[in-house]
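Structure assessment
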Amino acid sequence: MEVNCEGCAGCCIDWRSVAPEGVSLDHERRGPYRPLDDTYNLVPLSGDEVRAFLRAGLGDALTPRLWRGERGPSVAVDGRSLAAIDGRPVFFVGLRKPPKPVAPFGLDPTWLPTCAFLDPETLQCRVHGDDLYPDACERYPGDNLALDADTECERVERAFGGERLLDDDPGDLTPLLAPSAVGGRLFAHPDRSRIEGRVARLADGEATREDRAEFVAVAAAAAPGRLDVDTERYERARETVLGADSWVGAAIEEWTERASGAGADGTSDLPPPSLGVVVEASRGAPETPGWDENQDES
Ligand code: SF4
Ligand code: SF4
């Protein structure tokens, strides 16, 4: 597997709004299930990874994803049918995607939902290769190639030309999302009374810090192969998420505020990606190397 990521970041950005007409970007479905939210390219974290983000003080970077219960076992919460195991709504935990000013694929800068850890200027990952770099990102697009599924690299090629997927041999990979991942990467919430109201806000893209903390804490307290959740670990994790005050959380707030006001004051609505220096790096975000020194990093 070999990819050409310079100037791309297609797997880290929601670029549906800038895709040429006729290019289909509807791949968030996993098997028969559709997500409840509208996030594009959510990175599914393992329980170990969720705990690592919490230890690093980055609990405010995480968000859950629930699934619509259109087929198979389900449970109703807030008037929505949710995919469930044994009456417990199932969910992933991923990385938040605030709007950032980015210019992928040679386009002009524009506000697009972008992974919290993507440097908007270099379009490189701020945690690439370190302890927090998610497995799902490190392996991408290997799982797709192993399953003979479409890759984001090929979607970018179809939309904007160029060569992104240079070698499509996945090597010896076991797909990450096997059924045995329950409790390890796929989680089940044990108490629907604690998520009433939260489900509706998640579906509407209006989740609060408390909403996210409720699910993230369950994931942090889960164990592979088990549906039950350790109460003490859950309580500790919830406090950790609620108390998180990282550069990521502060940057997300500022990006969201800037994006909502873009153009409203008569100024340009084409913000420079270099704003990342002010909004992220000045708060302590790790720098990225740029493409002169690192030619294969996304
Ligand atoms: S892995 Fe593929 S989609 Fe992601 S940045 Fe690289 S070339 Fe683009
Ligand atoms: S963690 Fe890094 S590689 Fe993964 S989606 Fe976010 S920016 Fe992209």
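Before reading on, note that the structure itself is shown above.
Quick notes on the rules
- Residues numbered from 1 in each chain as written.
- Chains lettered and ligands numbered in written order.
- Predicted model: local features only at pLDDT ≥ 70, side-chain atom pairs only at ≥ 80, totals over all residues.
- Heavy atoms only, no water.
- Near = heavy atom within 4 Å.
- Nonpolar A, V, L, I, M, F, W, Y, C, P; charged D, E, K, R; others polar.
- Core = buried A, V, L, I, M, F, W, Y, C linked by side-chain atoms within 4.5 Å.
- Buried < 20%, exposed > 50% of the residue type's maximum accessible area, 1.4 Å probe, protein only.
- Helix = DSSP H or I, 4+ residues; strand = E, 2+ residues; numbered from the N terminus.
- Contact = heavy atoms within 4.5 Å.
- Salt bridge = Lys/Arg side-chain N within 4 Å of Asp/Glu carboxyl O.
- Polar contact = N/O pair within 3.5 Å; in protein donor to acceptor, adjacent residues only side chain to side chain.
- Axes fitted to C-alpha atoms, helices over the stretch in contact; angles between N-to-C directions.
- Parallel < 35°, antiparallel > 145°, perpendicular 65-115°, else oblique.
- Left-handed = near helix turned anticlockwise from the far one by under 90°.
- Expected span 1.5 Å × (residues − 1).

A word on the site of ligand 1
- Residues in contact with ligand 1 amount to 11 residues; listed here are only the nearest, Cys-5, Cys-8, Ala-9, Cys-11 and Cys-153.
- Tallied by class, the residues present in the shell around ligand 1 amount to six nonpolar, three polar and two charged.

Focus: the nonpolar core
- By size, the foremost hydrophobic cluster in this structure holds 67 residues, and its most contacted members are Trp-15, Val-50, Leu-62, Val-93 and Phe-117.
- Top contributing element to this core by residue count: helix α6 (residues 209-221), with eight residues.
- If near-sequence neighbours (up to four positions away) are discounted, Trp-15 is found in contact with Gly-10, Leu-25, Tyr-40, Phe-105, Leu-112, Glu-152, Arg-155, Val-156, Ala-159 and Phe-160.
- If you look at the next biggest cluster of nonpolar residues, it comprises six residues, including Val-3, Cys-5, Cys-153 and Leu-165.

Thoughts on the pattern of salt bridges
- Summed over all chains, the structure comprises 23 salt bridges.
- For Arg-34, the salt bridge goes to Glu-70, with nearest N and O atoms at 2.4 Å. In this pair, Arg-34 sits in the loop between β1 (2-3) and α1 (47-55) while Glu-70 sits in the loop between β2 (62-66) and β3 (74-77), placing the two residues 36 residues apart along the sequence.
- Between Arg-65 and Asp-37 there is a salt bridge, with its nearest N and O atoms 2.8 Å apart. One end of the pair, Arg-65, is in strand β2; the other, Asp-37, is in the loop between β1 and α1, with 28 residues separating them in the sequence.
- Using a relative accessible area of 16% as the deciding quantity, one classes Asp-37 as buried.

Let's talk about the side chain of Arg-198
- Mapped onto the elements, Arg-198 comes out in helix α5 (residues 198-203).
- On the basis of relative accessible area, Arg-198 is assigned to the buried category, the value being 15%.
- Separated by 2.9 Å, the side chain of Arg-198 and the backbone oxygen of Arg-194 make a polar contact.
- Contacts of Arg-198, omitting those with residues within four sequence positions, involve Asp-78, Glu-210, Asp-211, Glu-214 and Phe-215.

Describing the packing of α6 against helix α7 (residues 231-243)
- Remark: α6 packs on α7, axes separated minimally by 8 Å, with the N-to-C direction vectors making an angle of 140°. Compared by their axis directions, α6 and α7 come out oblique. The handedness of the crossing between α6 and α7 is right-handed. Across the interface between the two elements, Arg-209, Glu-210, Ala-213, Glu-214, Val-216, Ala-217, Val-218, Ala-220 and Ala-221 of α6 pack against Arg-233, Tyr-234, Ala-237, Arg-238, Val-241, Leu-242 and Gly-243 of α7.
- For the contact of α6 with α7, the per-class residue count stands at 10 nonpolar, one polar and five charged.

Some details on helix α8 (residues 247-260)
- Spanning 14 residues, α8 covers 20 Å between terminal C-alpha atoms, matching the ideal 20 Å at 1.5 Å per step.
- Buried residues along α8 sit in contact with β6 (99-102), β7 (110-113) and α9 (275-279).
- Where α8 begins, one side-chain oxygen reaches toward the backbone nitrogen of Val-248, 3.1 Å away; that side chain belongs to Ser-246.

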